[in-house]
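Below are the chains, spelled out letter by letter.
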Amino acid sequence: MPKGLYIHVPFCVQKCPYCDFFSVTDPSVKELYTDAVVRNIKATDERFDTVYFGGGTPSLLTPDQFSRILSAADICNRAEITTEANPNSVTPAYLRDLKSVGINRISFGVQSFNDNELKALGRLHNASEAISAINAANKAGFDNISADLMLAVPGQTFQSLRTNLKTITELPLSHISAYMLKVEEGTPLSLDTKALENIPDDDETADMYLEAAEFLDSRGFEQYEISNFARNGFECQHNLKYWRCEEYYGIGSSAHSFINGERFFCPPDVKNFISAEIQNKVVSGGGGDRSERAMLALRLTKEGLSLSEYPEAQKPASPLIKGGFMKNENGFLQLTPRGCTVSNEIIIRLLRAC
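A quick note: this is a predicted structure, and the numbers were derived from the prediction, not measured.

Cut-offs and rules
Numbering of residues begins from 1 in every chain and follows the order in which that chain's sequence is written. Given that the model is predicted, a residue must reach a pLDDT of at least 70 before its local features are reported, and side-chain atom pairs must reach 80 or more before they are shown or counted; all residues, however, enter totals for whole chains, interfaces and linings. Hydrogens and water are ignored here; the side-chain numbers use all heavy atoms of the structure. Where helices are involved, their axes are fitted lines through C-alpha atoms of the stretch in contact, as for all axes, and angles between N-to-C directions lie from 0 to 180°. The helix count covers DSSP runs of H or I at least four residues long, the strand count covers runs of E at least two residues long, and both are numbered beginning at the N terminus. What makes a crossing left-handed is the near helix being turned counterclockwise from the far one by less than a right angle; a clockwise turn instead makes it right-handed. By definition in these notes, contact holds between two residues if any of their heavy atoms fall within 4.5 Å. For this classification, the nonpolar set comprises Ala, Val, Leu, Ile, Met, Phe, Trp, Tyr, Cys and Pro, the charged set comprises Asp, Glu, Lys and Arg, and every other residue, Gly included, is treated as polar. Put simply, angles under 35 degrees are roughly parallel, angles over 145 are roughly antiparallel, angles from 65 to 115 are roughly perpendicular, and the rest are oblique. Pairing of aromatic rings covers Phe, Tyr and Trp, the last through its six-membered ring, and needs centres within 6.5 Å; plane angles under 30 degrees mean stacked, over 60 mean edge-to-face, and all others mean tilted. Lysine NZ or arginine CZ positioned within 6 Å of the ring centre and within 35 degrees of the ring normal marks a charge as sitting over the ring. Salt bridges, as used here, are contacts in which a Lys or Arg side-chain nitrogen is within 4 Å of a carboxyl oxygen on Asp or Glu. The cut-offs for exposure are 20% and 50% of the maximum accessible area for each residue type, with area from a 1.4 Å probe on protein chains only; residues under the lower value are buried, those over the upper are exposed, and the others partly exposed.

Draft legend 1. Molecular detail of the packing of helix H11 (residues 290-299) against helix H14 (residues 343-353). Packing of H11 against H14 brings their axes to within 10 Å, and their N-to-C directions diverge by 145°. In this structure, H11 crosses over H14, and the sense of that crossing is right-handed. Here Ser 291, Ala 294, Met 295 and Leu 298 of H11 come into contact with H14, specifically with Ile 347, Leu 350 and Leu 351. Its residues assigned to classes, the contact of H11 with H14 comprises six nonpolar, one polar and no charged.

What follows is the structure in structure tokens.
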């Protein structure tokens with residue numbers, strides 16, 4: 001059965017203050033890094049039906065580097081091939097070249113259409129550049145375009161959120177990821193007391209999430225995962241592999257894999273990845289057991305947890321259904337938008353029974 005392929009591209013112009021993903025700001029080794037990615041893909045001897053370039057900022061790669069990487073992989077016909085991109089790192093010509101080398105889905109890290117909020121997040125683009133990039137991708141022939149929107153960022157108000165939602169749903173997008181900002185320990189944002197004071201509190205954050213979910217649904221973006229909304233048929237097939245406990249290879253510094261019931265990752269070290277003939281493998285444990293499958297299934301708001309497979313979940317779910325946090329849809333327990341705001345607590349309760 002074909003697998004998913006994740007490629008971590010760790011290069012960034014600068015690191016955003018809220019980000020805790022592995023990245024570096026020295027792009028001088030991009031060509032050597034590409035060589036190592038190609039070498040490792042060939043070593044998998046696998047067929048892939050989804051490919052996802054994440055980062056970092058994958059759009060710092062050249063079209064030729066994308067092409068060499070994709071040529072190294074045995075990719076199924078009609079495979080979903082995604083790259084993340086920053087709005088300020090693309091041009092119309094670059095987007096046309098990406099389309100021509102086989103990329104058929106692009107995900108823009110927009111986060112906000114409010115320039116003050118973008119500045120607070122340390123983003124290098126402004127709202128106008130984000131809108132232009134999305135329109136340029138559409139004009140270049142992309143009909144599967146996603147954008148990230150961050151909720152409860154420093155200085156955000158309900159009015160600025162509503163403006164963001166109106167703007168993003170008027171663009172030629174097929175998918176929207178709407179994330180509540182999480183302040184990760186050790187990031188520059190976690191040490192910025194002024195910014196932290198301007199972050200909406202927990203109750204406001206929950207209300208912002210609920211308003212976003214309702215608005216997106218009203219504009220044709222159906223929620224299919226806690227933070228993801230799509231027009232019919234445009235759910236991210238690669239990310240669904242993660243939530244369905246399907247197998248995938250991760251290539252590149254810090255990339256994670258799940259193969260044959262084992263989870264492992266490549267150390268977050270660019271020099272080590274480039275110099276090794278085959279990337280070093282650090283085993284992080286087993287995966288795909290019954291509890292993990294239940295936890296991930298509960299994230300999928302359109303699919304949910306099967307009561308025929310997990311009948312013991314019915315009892316703890318009953319008060320949650322009565323409270324409007326969950327619903328039973330044809331024998332599958334699904335989180336409601338209200339339940340998504342406290343999803344961790346709900347998942348813990350149900351896992352205790354499973």
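Draft legend 2. Just the packing of helix H1 (residues 30-44) against helix H2 (residues 63-72), in detail. Between H1 and H2, the shortest axis-to-axis distance is 8 Å and the interhelical angle comes to 10°. When the axis of H1 is compared with that of H2, the two are roughly parallel. H1 and H2 meet at a crossing whose hand is right-handed. Between H1, through Lys 30, Glu 31, Thr 34, Asp 35, Val 37, Val 38, Ile 41 and Lys 42, and H2, the contact on the second element is made entirely by Gln 65, Arg 68, Ile 69 and Ala 72.

Draft legend 3. A look at the packing of aromatic side chains. Counted according to the given criterion, the structure contains seven aromatic pairs. If you follow Arg 219 out to its NZ or CZ, it ends over the ring of Phe 215, 4.2 Å from the centre. The ring of Phe 221 carries Arg 231 above its face, with NZ or CZ at 4.1 Å from the centroid.

Draft legend 4. Representation of the pattern of salt bridges. Counted under the stated rule, the structure contains 20 salt bridges. Here Glu 211 ties to Arg 162 by a salt bridge, and the two come within 2.4 Å at their closest N and O atoms. Placement of the pair is Glu 211 in helix H8 (residues 202-218) and Arg 162 in helix H6 (residues 158-169), with a sequence separation of 49 residues. Residue classification places Arg 162 among the partly exposed positions, given a relative accessible area of 38%.

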